[in-house]
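# Survey of secondary and tertiary structure
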Amino acid sequence: KFPIIPRSRCIMSDVPRQHPPSRSVIDDEGLKWRSCAGAAVFNSKNEILIGERMGKPGSWQTPQGGVDDGGETTTEAAIRELYEEVGLEDGKHVRLEKMDGEISPITCQYKTEGTGSWLEKEGFAGQELSWTIFRCSDSNLERDPSLVCNLSGLNGEKPEFTAVKWENLDWVVDNVWE
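Below you will find a few notes about this structure.

Conventions adopted
- Residues numbered from 1 in each chain as written.
- Predicted model: local features only at pLDDT ≥ 70, side-chain atom pairs only at ≥ 80, totals over all residues.
- Heavy atoms only, no water.
- Helix = DSSP H or I, 4+ residues; strand = E, 2+ residues; numbered from the N terminus.
- Contact = heavy atoms within 4.5 Å.
- Core = buried A, V, L, I, M, F, W, Y, C linked by side-chain atoms within 4.5 Å.
- Buried < 20%, exposed > 50% of the residue type's maximum accessible area, 1.4 Å probe, protein only.
- Salt bridge = Lys/Arg side-chain N within 4 Å of Asp/Glu carboxyl O.
- Phe/Tyr/Trp six-rings, centres within 6.5 Å; stacked < 30°, edge-to-face > 60°.
- Lys NZ or Arg CZ within 6 Å of the ring centre and 35° of its normal.

This part covers the environment of M54. Along the polypeptide, M54 turns up in the loop between β3 (47-53) and β4 (60-61). On a C-alpha basis, the gap between M54 and F161 in space is 4.8 Å, while along the polypeptide they are 107 residues apart. Filtering out sequence-adjacent residues up to four positions away, M54 remains in contact with P159, E160, F161 and T162.

As structure tokens, then:
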């Protein structure tokens with residue numbers, strides 16, 4: 001029913017890894033965007049899993065990060081980010097959600113111009129975020145994500161979040177984007 005990307009393609013381990021540069025795209029206006037994968041995990045109430053950002057109390061976002069250059073797909077990057085940032089595994093805690101019979105990311109762009117962020121310093125106009133949709137398949141995760149999620153930072157990554165929770169999608173859209 002749900003396709004599972006082999007773990008060998010998703011690089012899940014506790015050994016620090018070398019980070020290849022993130023893939024980028026150039027739009028029709030010549031602007032350079034960092035390619036990113038967002039993991040949108042929904043529970044049975046259609047609430048979305050979000051994490052409170054490390055060092056930014058009250059600031060919440062979904063697991064997300066750059067798509068590694070060198071052949072990583074958006075779906076593979078979303079699976080990797082979900083594991084690295086909250087310890088969730090496709091096929092164990094969550095399942096990829098098919099849309100119209102295919103796994104097809106939903107893509108949006110957001111500019112970081114004027115923020116002084118590292119993206120701006122690296123010459124990016126912002127991020128092109130491709131969303132991969134997952135469905136919660138773990139009853140404990142459904143009940144209380146703080147009991148299942150591992151926020152320590154995996155695959156040699158630094159922790160991203162201090163807490164996790166389920167939240168209404170409308171609230172997320174209104175409050176998460178910076």
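The subject of this paragraph is the nonpolar core. Grouped together as the largest cluster of nonpolar side chains are 21 residues, with contacts concentrated most on L82, L88, F134 and L141. Secondary-structure elements contributing two or more residues to this core are β2 (32-42), α1 (74-86), β6 (94-96), β8 (126-136) and β9 (161-168). For this core, the leading source of residues is α1, giving five residues. Grouped together as the second largest cluster of nonpolar side chains are 11 residues, F42, I50, I133 and V176 included.

Let us look at the pattern of salt bridges. This model, assessed by the stated rule, comprises six salt bridges. A salt bridge links E72 to R80; the nearest nitrogen and oxygen atoms lie 2.8 Å apart. R80 matches E72 in its accessibility class, with the two residues each being buried. A salt bridge links R135 to E97; its shortest N-O distance comes to 3.8 Å. Of the two residues, R135 is situated in strand β8 and E97 in the loop between β6 and β7 (106-111); the sequence distance between them amounts to 38 residues.

Let us look at the environment of E84. Mapped onto the elements, E84 comes out in helix α1. You can call E84 buried: its relative accessible area is 2%. Remark: the alpha-carbon pair of E84 and G156, spanning 72 residues in sequence, is separated by 8.2 Å.

Applying the stated rule across the entire model yields zero aromatic pairs. When the ring centre of W60 is taken as origin, the NZ or CZ atom of K165, which lies over that ring, is 4.4 Å away. In this arrangement the basic side chain of K165 is found over the ring face of W171, its NZ or CZ atom lying 5.0 Å from the centre.

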